Amino acid sequence: MTESTATLTVGVPKETFPGECRVALVPASIDSITKAGVNVVMESGAGVEAGYPDSEYESHGVELLSRADVFDRADIILQVRSAGANRDGCHADFEQLHAGQTLIGSCDPLGEPQLMADIADRKITCLSLEMLPRITRAQSMDVLSSMASIAGYKAVLMA
């Protein structure tokens, strides 16, 4: 990045979908993001339910903020369940999203087409990860296959 280029900021708010224990960004993946010159901000407590205390994020240089500050400062918002995949929680966050921001996560765009239209009308880019093709080339980004694999392993362990 050149000095004239603004630094990109990725923000991770705490998941609000009932029973959701995952977090969109784990501490082990932060170093590769920050080495690329990207700042990472997170809502305090965002990783706790997934087993990652704030101190683990702070040790990787993540700045912990309030939910409102994450939405205010981030150019990209990462969520596990976003937009239509978190219908109730998304409506609370909707007003905090601003033009030029990018929202990345499971978004269920086909289940909430009007919400997707409203997001587009506000000039917010939405990348719905469950809509990526389930092919070898896109496998590293394919959230459905990776979650199915984990669920399969868990089922065997529980059995």
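A brief structural summary. Please read these numbers as outputs of a predicted model, since none were measured by experiment.

### Some details on the overall build of the protein
Item 1. Helix and strand counts for the protein come out as 6 helices and 6 strands.
Item 2. When the helices and strands of the protein are placed in sequence order, the string is β-α-β-α-β-α-β-α-β-α-β-α.
Item 3. For the protein, the proportion of its 159 residues judged to be buried stands at 37%.
Item 4. Partitioning the contacts of the protein with sequence separation of at least 6, the portion at a separation of at least 24 is 63%.

### Concerning the packing of helix H4 (residues 87-94) against helix H5 (residues 113-121)
Helix-helix packing: each pair is described by the crossing angle between the helix axes and the interaxial distance.
Item 1. For the pair H4 and H5, the least separation of the axes is 12 Å and the interaxial angle reads 20 degrees. In terms of orientation, H4 lies roughly parallel with respect to H5. Note on packing geometry: the crossing formed by H4 with H5 is left-handed. Across from Cys90, His91 and Phe94 in H4, the residues of H5 making contact are Leu115, Asp118 and Ile119.
Item 2. Broken down by class, the residue content of the contact of H4 with H5 amounts to 4 nonpolar, 1 polar and 1 charged.

### Things to note about the packing of aromatic side chains
Item 1. Taken as a whole and judged by the stated rule, the model has 1 aromatic pair.
Item 2. Against the face of Phe17 rests Arg81, its NZ or CZ located 3.6 Å from the ring centre.

### Brief notes about the nonpolar core
Item 1. Membership of the largest hydrophobic core comes to 16 residues, with the highest contact counts inside it found for Ile77, Ala83, Leu97, Leu103, Leu115, Met116 and Ile119.
Item 2. Residue assignment for this core shows that the elements contributing at least two residues are helix H3 (67-73), H4 and H5.
Item 3. With 3 residues, H5 is the single largest residue contributor to this core.
Item 4. Beyond its immediate chain neighbours, meaning those up to four positions away, Ala83 contacts Cys90, Leu103, Cys107, Leu115, Met116 and Ile119.
Item 5. One finds Val23, Ala46, Tyr57 and Ile76 within the second-largest nonpolar core, a separate group that totals 14 residues.

### A few points about the sheet that holds strand E1 (residues 9-12)
Item 1. Taken in spatial order, the 6 strands line up as E3-E2-E1-E4-E5-E6 in an open sheet, and their pairing is parallel. Each end of this open sheet is capped by a strand with a single partner; those strands are strand E3 (63-65) and strand E6 (125-128). Pairwise comparison of adjacent strand axes, ignoring direction, gives a mean angle of 25 degrees for this sheet.
Item 2. When strand E5 (residues 102-106) meets E6, the two strands line up parallel, connected through 4 bridges. Paired with Gly105 across the two strands is Ser128, which belongs to E6.

### Examining the pairing of strand E4 (residues 76-81)
Item 1. Counting buried residues in E4 gives 5 out of 6 residues, a clear majority hidden from the surface.
Item 2. As defined by bridge partners, E4 adjoins E5 across 4 bridges and the pair is classed as parallel. Of the residues in E5, the one forming a bridge with Ile76 is Thr102.
Item 3. Handedness of the β-α-β unit built from E4, H4 and E5 comes out right-handed.

### Observations concerning the environment of Ile77
Item 1. Among the structural elements, Ile77 can be located in strand E4.
Item 2. Ile77 has contacts with Gly11, Pro13, Val70, Phe71, Leu97, Gln101, Thr102, Leu103 and Ile104, leaving out every residue within four places of it along the chain.

What counts, and at which threshold
- Residues numbered from 1 in each chain as written.
- Predicted model: local features only at pLDDT ≥ 70, side-chain atom pairs only at ≥ 80, totals over all residues.
- Heavy atoms only, no water.
- Helix = DSSP H or I, 4+ residues; strand = E, 2+ residues; numbered from the N terminus.
- Buried < 20%, exposed > 50% of the residue type's maximum accessible area, 1.4 Å probe, protein only.
- Contact = heavy atoms within 4.5 Å.
- Axes fitted to C-alpha atoms, helices over the stretch in contact; angles between N-to-C directions.
- Parallel < 35°, antiparallel > 145°, perpendicular 65-115°, else oblique.
- Left-handed = near helix turned anticlockwise from the far one by under 90°.
- Nonpolar A, V, L, I, M, F, W, Y, C, P; charged D, E, K, R; others polar.
- Phe/Tyr/Trp six-rings, centres within 6.5 Å; stacked < 30°, edge-to-face > 60°.
- Lys NZ or Arg CZ within 6 Å of the ring centre and 35° of its normal.
- Core = buried A, V, L, I, M, F, W, Y, C linked by side-chain atoms within 4.5 Å.
- Pairing = 2+ DSSP bridges.
- Right-handed = clockwise from strand over helix to strand, strands pointing away.

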